[in-house]
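# Chain and residue survey
Here is what each chain is made of, one letter per residue.
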Number of protein chains: 2
Amino acid sequence: MNLDWNKTFQKILKSNKIALATHVHPDGDAYGSLLGMWHLLKNNGSNVTAFVDHTNHNGKYSFLPGYSELIEISQDNHEMYDLAVTLDCGDKGRVTGSEWLFSHSRQVINIDHHYSNPMFGHENIVDDRISSTCELLWKLSVDSKINISKEAATCLFTGIMTDTGNFLYENTSPETYRSTADLVEKGADSETVKFHLYHNKPLANIQFLGFLIQQMQVLLDGKVIILNISREILDNYGVSYEDLDEFVAFARDIKGVEVSALLKEMKDGNIKISLRSKSYFDVSELAQQFNGGGHQRAAGAVSPVDMEKTREQLKNLLEIYFQEKYYDNWNT
Amino acid sequence: MNLDWNKTFQKILKSNKIALATHVHPDGDAYGSLLGMWHLLKNNGSNVTAFVDHTNHNGKYSFLPGYSELIEISQDNHEMYDLAVTLDCGDKGRVTGSEWLFSHSRQVINIDHHYSNPMFGHENIVDDRISSTCELLWKLSVDSKINISKEAATCLFTGIMTDTGNFLYENTSPETYRSTADLVEKGADSETVKFHLYHNKPLANIQFLGFLIQQMQVLLDGKVIILNISREILDNYGVSYEDLDEFVAFARDIKGVEVSALLKEMKDGNIKISLRSKSYFDVSELAQQFNGGGHQRAAGAVSPVDMEKTREQLKNLLEIYFQEKYYDNWNT
């Protein structure tokens, strides 16, 4: 553990009037680290408020202890905070109500695990080798010997599970498993978390999955799967936007598939492209061809032409990449 | 750790000419513990042979190091072994080639984690509180301070993952996560294991899943899902028998579902019933009505009447159980 980080973490523990925030469109690690930190600080006797933007959220994480205490940022709030702590925010623009928050806090501490984090805080605790912001908070807590309550443990456990895809992503390290062991020992309600994340899937999502499987297009000798979803279909099944990511990942997990693409018609008629790859194809490069971006194994873009044309463009590009850049992989 | 177990484990390490065996229809913990033990003993300089019955197996675990060294038991084999070690076998009858094995070994040591194990060995290392036989072997190795090679670590890691449903089952303890951390640190090839278990699903299985979703029957206010599979359908999709378990579990994971049932027409025309429950329904009791059995959350039976009649009987029984025994759960 970096000694400076420990100092910075001690500074948080000693601060009066702390504001916490995570990124917009919060996922499990966002809610988990926000609420985990909130519990750690409450337990420490701090005066702390946690801000969130629930917009477009389906309440998937409302089971987390403390969820009902989360506050939506309002421009009518004229409080000043000694310290703002941002959690799991890869850049300043992603922070919930960032303008308001930064102008209402005397200092900002940035705790995160994203590779490209530009260190936008006055002090920064950023480690991109760690699975999740929740694992980082666990480490900071253990190193500073503060008490991790049951509630904090449940929140941190949740973020580790979701950001590692239940320990299946490559970011899972021995330390990730160890942190989980420790959190469960400290009373994390792992059964409740597992129930809400894995054993409580909406029937509509499963029926939608059935529909997607029936109409999935297997291309290029089984190396590519394309799924298209019209606005009508999405409305019919009532599947939420944030659940779509699961479906593109599921197609990538089929034997022989290297790239899966999900094309979704948006309200403005543009097509949102989500891309995933399994082991060698750099989909961020492909996304750039549509003015998008992302990571090697997960990327996205928005196409201004219709579904049929987008599909054709994508198909042609994939064919070229496989024939040229990935010719050797193609033939193995 | 039980001191007697340690003594027994030392005895194995000191034996000459050891035969290892696991249960028929081996799963991940069976192959993992069999091959994990084989590597531990090879590394220890022991003279060891691992026996297996691959019958009806689709080679899902053929990626495990040492798989090609596994030997099918043959009646023509007249060797005598000083010691047979059975791994992951809940009773004597489940041991691969048990008659041959028991009559060709001077002593039997039984290493297992099943609740109902009748302690059929001359010595027994059985702990039903542990997730898997692989986790037990890890513990025995660590306590006896023997070296766990990369290959052994990969095999043990595999059994822990499969027997805990990738850490989602209730048998997952803090020690389970810790053993996994340690095995990955010792060089377990976790990425290869994850690839073969989770990122390499046969297209036929996914298409079959799509079919099942389209035809699943949601009954009793969404508390029950029944899936029926005719012989014809199973042949058409080319899905292997051992993959079917996944499908009945997936239906149980839908929101509001308490019981999922999969009815499969067998070659002899009988119907195999697989039952799963989520949180309160004792499906072993239901299975007993069809002269079957099992555990509270997973049970099975064989019905001698046709699909339609079996389905009706099952539906009626479920209705009675929910209205009588589970009336309080039903209404919450």
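Residues numbered from 1 in each chain as written. Chains lettered and ligands numbered in written order. Predicted model: local features only at pLDDT ≥ 70, side-chain atom pairs only at ≥ 80, totals over all residues. Heavy atoms only, no water.

## Describing the overall build of chain A
Across its full length, chain A holds 13 helices and twelve strands. Taken against the 2.2 N^0.38 rule, which gives 20 Å for 332 residues, the C-alpha radius of gyration of chain A at 21 Å falls within 12% of a compact globule. Over its C-alpha atoms, taken along the principal directions, chain A stretches across nearly 60 × 45 × 40 Å. Looking at chain A as a whole, 58% of its 332 residues qualify as buried. For chain A, contacts bridging at least 24 residues in sequence account for 64% of all contacts bridging at least 6. Roughly 14,200 Å² of accessible area belongs to chain A as shown, and the carbon and sulfur atoms make up 46% of that amount. (Helix = DSSP H or I, 4+ residues; strand = E, 2+ residues; numbered from the N terminus. Rg over C-alpha atoms; globule rule 2.2 N^0.38 Å. Buried < 20%, exposed > 50% of the residue type's maximum accessible area, 1.4 Å probe, protein only. Contact = heavy atoms within 4.5 Å. Areas by Shrake-Rupley, 256 points an atom, 1.4 Å probe, with all protein chains shown as cover.)

## Here's the deal with the sheet that holds strand 3 (residues 71–72) of chain B
All names here are of chain B. Pairing within the open sheet is parallel, and its six strands lie in the order 3-2-1-4-5-6. The sheet terminates laterally at strand 3 and strand 6 (123–126), the two strands that pair on one side only. With four bridges connecting them, strand 1 (residues 18–21) and strand 4 (residues 83–87) associate as parallel partners. In the strand pairing of strand 4, A21 is matched with T86. Helix 2 (residues 28–43) contacts strand 1, strand 2 (48–52), strand 4 and strand 5 (108–112) of the sheet and is inclined by roughly 170° relative to strand 2. The strands touched by helix 4 (residues 133–143) are strand 4, strand 5 and strand 6; relative to strand 5, the strand with the most contacts, the crossing angle is about 110°. (Pairing = 2+ DSSP bridges. Axes fitted to C-alpha atoms, helices over the stretch in contact; angles between N-to-C directions.)

## Side note on the pattern of salt bridges
Summed over all chains, the structure comprises 22 salt bridges over all chains. Residues E285(A) and K325(A) are paired through a salt bridge, measuring 2.6 Å at the closest nitrogen-oxygen approach. Of this pair, E285(A) sits in helix 11 (residues 283–288) while K325(A) sits in the loop between helix 12 (307–323) and helix 13 (327–330); the two residues are 40 residues apart in sequence, bridging distant segments of the chain. Between R106(B) and D82(B) there is a salt bridge, with its nearest N and O atoms 2.8 Å apart. Of this pair, R106(B) sits in the loop between helix 3 (98–103) and strand 5 while D82(B) sits in the loop between strand 3 and strand 4; the two residues are 24 residues apart in sequence, bridging distant segments of the chain. (Salt bridge = Lys/Arg side-chain N within 4 Å of Asp/Glu carboxyl O.)

## Considerations on the interface of chain A and chain B
The interface of chain A with chain B comprises 40 residues on the first partner and 40 residues on the second. Buried surface at the junction of chain A and chain B, summed over both partners, amounts to about 3,500 Å²; 64% is from carbon and sulfur atoms. When residues of chain A are sorted by the area they lose upon contact with chain B, L168(A), Y177(A) and H199(A) head the list and together hold 19% of the total. Counting every contact that joins chain A to chain B gives two salt bridges. For E185(A), the salt bridge goes to R178(B), with nearest N and O atoms at 2.9 Å. (Buried area = accessible area lost by both parts, 1.4 Å probe.)

## Considerations on the domain arrangement of chain A
Looking at chain A, the domain boundaries give domain 1 (3–198) and domain 2 (203–330). A straight line from the C-alpha centre of domain 1 of chain A to that of domain 2 of chain A covers 31 Å. (Domains from an automatic or database assignment.)

## Notes on unusual backbone geometry
Not every positive phi belongs to a glycine, and L220(A) is a case in point at roughly 45°. Structurally, the position occupied by L220(A) is in the loop between strand 7 (217–219) and strand 8 (224–229). Phi at N291(B) takes a positive value of approximately 60°, unusual for a residue other than glycine. Mapped onto the elements of the fold, N291(B) is located in the loop between helix 11 (283–288) and strand 11 (293–294).

## With respect to the environment of C89(A)
Residue and element names in this part refer to chain A. You can see C89 is positioned in the loop between strand 4 (83–87) and helix 3 (98–103). Take C89: its relative accessible area is 0%, and that puts it in the buried class. Remark: the alpha-carbon pair of C89 and H113, spanning 24 residues in sequence, is separated by 8.3 Å. When neighbours within four sequence positions are excluded, C89 is seen to be in contact with A21, T22, H23, V95, N110, I111, D112, H114, N117 and F120.

## Describing the nonpolar core
L20(A), I111(A), L20(B) and I111(B) are the most contacted members of the largest nonpolar core, which has 104 residues in total. Setting aside anything within four residues of it in sequence, one finds I111(B) in contact with I12(B), M37(B), V85(B), T86(B), L87(B), D88(B), C89(B), I125(B), T133(B), L136(B), L137(B) and L140(B). In this structure, V257(A), L262(A), L212(B) and V248(B) belong to the second largest nonpolar core, which totals 41 residues. (Core = buried A, V, L, I, M, F, W, Y, C linked by side-chain atoms within 4.5 Å.)

## Overview of the packing of aromatic side chains
Within this structure, the stated rule accounts for 35 aromatic pairs over all chains. Ring geometry for Y177(A) versus F167(B): centroids 5.7 Å apart, planes at 50°, classification tilted. Here Y177(A) is found in helix 6 (residues 174–185), whereas its partner F167(B) is found in the loop between helix 5 (150–163) and helix 6 (174–185) on a different chain. Given a relative accessible area of 1%, Y177(A) falls into the buried group. Three or more aromatic residues joined by ring pairs form one cluster here, namely Y280(A), F281(A), Y321(A), F322(A) and Y326(A). Seen from the ring of Y81(A), K17(A) lies directly overhead, with NZ or CZ sitting 5.2 Å from the centre. Just above the ring of F102(A) sits the side chain of K92(A); from NZ or CZ to the centre is 4.9 Å. (Phe/Tyr/Trp six-rings, centres within 6.5 Å; stacked < 30°, edge-to-face > 60°. Lys NZ or Arg CZ within 6 Å of the ring centre and 35° of its normal.)

## Thoughts on the packing of helix 2 (residues 28–43) of chain A against helix 4 (residues 133–143) of chain A
All names here are of chain A. As a packed pair, helix 2 and helix 4 sit with axes 8 Å apart at the nearest point and diverge in direction by 25°. Classified by the angle between their axes, helix 2 and helix 4 sit roughly parallel to one another. Between helix 2 and helix 4, the contacting residues are D29, G32, S33, M37 and L40 on the first element and T133, C134, L137 and S141 on the second. Looking at the contact of helix 2 with helix 4 residue by residue, the class counts come to four nonpolar, four polar and one charged. (Parallel < 35°, antiparallel > 145°, perpendicular 65-115°, else oblique. Nonpolar A, V, L, I, M, F, W, Y, C, P; charged D, E, K, R; others polar.)

## Observations regarding the environment of I273(B)
Residues and elements named next belong to chain B. As for its placement among the helices and strands, I273 is situated in strand 10 (residues 271–277). The class for I273 is buried, based on a relative accessible area of 0%. Non-local contacts of I273, meaning those with residues more than four positions away in its chain, are made with L262, L263, F290, A299, G300, A301, S303 and T310.

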